[in-house]
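One-letter residues, chain by chain:
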Amino acid sequence: MSGKLMMSSLQCDQHVKTVQRFTIMHSGTGGAAEPSTQGEMAQKGIQVDQDKLCCSVRLDLLKDPVTIPCGHSYCLSCIRTYWDAEGHKGNSCPQCRQTFTQRPALVKNTLLADLVEDLKRTGLQAAPAALCYATHQDVACDSCTGRKLKATKSCLQCLVSYCDQHLQPHYESPAFEKHQLVDPCEKLQENICTRHNEVMKAFCRTDQQCICYLCSMDEHKGHDTVSAAAERTEKQKKLSKRQQTIQQKIKDREGDIKKLQQEVETINQSADEAERSSEKIFTRLIQLVQDKCSDVKQQIRSQRTSLVNRLKESQKELEEGLTEIKRREAELQQLSHTHDPIQFLHHCPVLLNPMDSTDPHSISIQSVSYFDHMLAAVAAATDKIQDVLNEEWTWSEFLQYSQQMTLDPNTAHTQLMLFKGNRKATVMKNTLVHPHHPDRFIKHQQVLGAHSLTGRHYWEVQMKQNKFRTTVAVTYKNSSRTQSESAFGDNNRSWALVLLDNRFKIMHNGNVLFIPGPPSSRIGVFLDHGAGTLSFYRVSDTMTLLQRVQTTFTEPLYAGLSVYGYDMSVELCELK
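Residues numbered from 1 in each chain as written. Predicted model: local features only at pLDDT ≥ 70, side-chain atom pairs only at ≥ 80, totals over all residues. Heavy atoms only, no water.

### What to know about the packing of aromatic side chains
And step 1. Per the counting criterion, the structure on display carries 7 aromatic pairs.
And step 2. Here the aromatic rings of Phe398 and Tyr458 are separated by 5.1 Å at their centres, their planes lie at 25°, and the arrangement is stacked. Placement of the pair is Phe398 in helix α10 (residues 395-399) and Tyr458 in strand β14 (residues 456-463), with a sequence separation of 60 residues. Taken individually, Phe398 and Tyr458 each receive the classification buried, so the pair is uniform in this respect.
And step 3. Ring pairs connect the aromatic residues Phe398, Tyr401, Tyr458, Phe526 and Tyr537, which therefore count as one cluster.
And step 4. Over the aromatic face of Phe441 sits the side chain of Arg481, whose NZ or CZ is 4.6 Å from the ring centroid.
And step 5. When the ring centre of Phe514 is taken as reference, the NZ or CZ atom of Arg503 above it lies at 4.2 Å. (Phe/Tyr/Trp six-rings, centres within 6.5 Å; stacked < 30°, edge-to-face > 60°. Helix = DSSP H or I, 4+ residues; strand = E, 2+ residues; numbered from the N terminus. Buried < 20%, exposed > 50% of the residue type's maximum accessible area, 1.4 Å probe, protein only. Lys NZ or Arg CZ within 6 Å of the ring centre and 35° of its normal.)

### Comments concerning the packing of helix α7 (residues 228-336) against helix α8 (residues 341-352)
Angle between the axes and distance between the axes are the two parameters that describe a pair of packed helices.
And step 1. Relative orientation of the contacting elements α7 and α8 amounts to 155°, with a least axis distance of 10 Å. Viewed along their axes, α7 and α8 adopt a mutual orientation that is roughly antiparallel. For the pair α7 and α8, the sense of crossing is left-handed. From α7, Arg328, Glu331, Leu332 and Leu335 reach across to α8, where they touch Gln343, Phe344, His347, Cys348, Val350 and Leu351. (Axes fitted to C-alpha atoms, helices over the stretch in contact; angles between N-to-C directions. Parallel < 35°, antiparallel > 145°, perpendicular 65-115°, else oblique. Left-handed = near helix turned anticlockwise from the far one by under 90°. Contact = heavy atoms within 4.5 Å.)

### Describing the nonpolar core
And step 1. Judged by nonpolar contacts, the single largest core of 36 residues is most densely connected at Val447, Trp459, Trp495, Ile523, Leu534, Phe536 and Leu561.
And step 2. Setting aside residues up to four positions removed in sequence, Val447 forms contacts with Leu407, Asp408, Thr411, Ala412, Leu416, Leu418, Ala425, Phe441, Phe488, Ala559, Gly560 and Leu561.
And step 3. With 19 residues, the next largest nonpolar core counts Cys54, Leu61, Trp83 and Cys93 among its residues. (Core = buried A, V, L, I, M, F, W, Y, C linked by side-chain atoms within 4.5 Å.)

### Here's the deal with the pattern of salt bridges
And step 1. Counted by the stated rule, this structure contains 17 salt bridges.
And step 2. Between Asp183 and Lys153 there is a salt bridge, and its shortest N-O distance comes to 3.6 Å. Here Asp183, found in the loop between β7 (181-182) and β8 (202-204), pairs with Lys153, found in strand β5 (residues 153-155); they are 30 residues apart in sequence, far enough to count as distant.
And step 3. Relative accessible area serves as the criterion here: at 55%, Asp183 is assigned to the exposed category.
And step 4. The salt bridge partner of Arg276 is Glu273, with a shortest N-O separation of 2.9 Å. (Salt bridge = Lys/Arg side-chain N within 4 Å of Asp/Glu carboxyl O.)

### A word on a negative patch on the surface
And step 1. A cluster of acidic residues, Glu313, Glu317, Glu319 and Glu320, forms a negative patch on the protein surface.
And step 2. With respect to the helices and strands, Glu313 occurs in helix α7.
And step 3. On the accessibility criterion, Glu313 (52% relative accessible area) is exposed. (Patch = residues over 30% accessible without salt bridge, like charges linked within 9 Å, V, L, I, M, F, W, Y side chains within 5 Å. Areas by Shrake-Rupley, 256 points an atom, 1.4 Å probe, with all protein chains shown as cover. Lys, Arg positive; Asp, Glu negative; His and termini not counted. Charge placed at Lys NZ, Arg CZ, Asp CG, Glu CD.)

### A look at the pairing of strand β15 (residues 470-476)
And step 1. A large share of β15 lies buried, amounting to 7 of its 7 residues.
And step 2. Residues Thr470, Val472, Val474 and Tyr476 line one face of β15 and the alternating positions Thr471, Ala473 and Thr475 line the opposite face, and both faces are buried.
And step 3. As judged from the 6 bridges shared by β15 and strand β16 (residues 494-500), these two strands associate in the antiparallel manner. If you follow Ala473 over to β16, its bridge partner there is Ala496. (Pairing = 2+ DSSP bridges.)

### Considerations on the sheet that holds β15
And step 1. Pairing is antiparallel across the open sheet formed by 6 strands, whose spatial order is β13-β22-β15-β16-β17-β18. The sheet is open, and its two borders are formed by β13 (446-448) and β18 (511-515), each paired with just one other strand. Sheet twist, expressed as the mean angle between neighbouring strand axes with direction ignored, is 20°.
And step 2. Direction of pairing for strand β17 (residues 503-508) relative to β18: antiparallel, over a ladder of 5 bridges. Bridge pairing links His508 to Asn511 in β18.

### Some details on α7
And step 1. Helix length check: α7 (109 residues) gives 154 Å between terminal C-alpha atoms against 162 Å at 1.5 Å per residue, within 8%.
And step 2. Buried residues of α7: Glu231, Val296, Leu307, Arg328 and Leu335, and no others. (Expected span 1.5 Å × (residues − 1).)

### Some details on the sheet that holds strand β21 (residues 543-550)
And step 1. Ordered by their spatial adjacency, 7 strands build an open sheet running β11-β12-β23-β14-β19-β20-β21, and the pairing between neighbours is antiparallel. Each edge of the sheet is formed by a strand with only one pairing partner; in this case those strands are β11 (416-419) and β21. For this sheet the average axis-to-axis angle between neighbouring strands, irrespective of direction, equals 20°.
And step 2. Note that β14 and strand β23 (residues 569-572) share 3 bridges and pair antiparallel. Note on β23: the bridge partner recorded for Gln462 is Glu571.

### Brief notes about the environment of Phe553
And step 1. Relative to the assigned elements, Phe553 resides in the loop between β21 and β22 (557-563).
And step 2. Given a relative accessible area of 8%, Phe553 falls into the buried group.
And step 3. Sequence separation between Phe553 and Thr533 is 20 residues, and the spatial gap between their C-alpha atoms is 8.7 Å.
And step 4. Those residues in contact with Phe553 that lie beyond four places of it in its chain are Tyr476, Trp495, Leu527, Asp528, His529, Gly532, Thr533 and Leu534.

### Quick word on the state of the cysteines
And step 1. On inspection of all chains with the given rule, the structure shows 0 disulfides.
And step 2. We note that Cys141 lacks a disulfide partner, and the nearest cysteine sulfur, in Cys144, lies 3.6 Å from it.
And step 3. Overall, Cys141 belongs to the buried group, its relative accessible area being 0%. (Disulfide = S-S within 2.5 Å.)

Next comes the structure, spelled out in structure tokens:
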């Protein structure tokens, strides 16, 4: 009971003045006012005091208002939700942060509820607070006291921001006729000259800065000055042109991106179609091979059956003749043991007569396999298929992808001298004076080609066989220039054919693959960047593939040459 009395006392103390003001606003002071005057008073009164009847949680008129022991009032649902929320288990007040040991009992504040209902009946209910009161994201009205409303305009002459209510004099009074109103601005003080504390309305083109009228007569005297508005107009023209240029660049760039996206889509579609087509072709080829394999098996089986049957017939004839011979031999054996001369002579002529069957021809066994001819035919067909799959271009076909290649002097090691229009690199005994350049090789005697390589390219290199290392390579441009692993083939950014001690070897990322066969003084290089293939050829009267590298190239490539040994040279050949 005492708790309820305390709550009632707090509620009355808090809102008695509000009730008094509310009563005065509706009754006037000294009699009834004119309806219009009374309406104006009510309008102004409610505009001032409606904040007192708003819930600070949801920023709108109280609904089912309750008052907690600290004296602050809230909507019944708002304070319950606030206390139930995570992090507010201490039952504190959202405004003064006073904490209660136990959650207070919430009783409806009938006085506040009646006041809110009276406000609603006047038809002057406040607009939603989100549309009126300033938050941390808004510019607040400088003229409002207490809780500030959102500013709707800022005055560049007054250097003050106003809400709609306090802005009215600027619209109604001739004294503010020349004041310039702009959208709400937080940094109005930036319009004040820090030297003279005057509004800056001019612009000094000489020093490219905003100034006040005192500045134009002081340190900016004699300078090219114009009004800030005139300079804004001038710069706005330049800004518009710049915007047009940027917009055009954006349009062009978006167009380029769209083209690239379309090209990527085209490539993906083409690749998918090529993959499907190649799969169909190889499936058909596999089927043909399988069919041919079945035919060969059937021929082998038929021939085996024919040969075996023929041999079995011969075997049967031989076995029948053998049986007859054995019978005659038994009769002769029996006659040879007959002691009666008459019996012996009686049977002897018959047994001495030749046998009726003729002796078969002697059997000869072939010295080669019966099926060698079929195996030879299969091997020949396999060789033909292999030849088709490994078909190499002729030298003239490679030439269609050749171009006049030169070396980049800015990348040449300080002991390499370039000749023949920067196509030949020769090792000099003395260090040469080359200008400093970040692309120059410092650790190894190497040099790069002058142009990046994408697509298909073919070039040839002439080298001399010697005991020192000579290298033909391709590499990404931003490989190391100073480290020990900057040598072509010793890192993962270059692929190299190395001639050392009259032996060829392929190198990449330090891995080595030796190439059998004799070395050659002329090497052909074919790069298909898109397909990810790099092929090295021994060039003489014919072209012999030394090694083909299959990988994925992620950047443009550059030709690379390396040579060691005084007076030794390596040269990019001129192809015609």
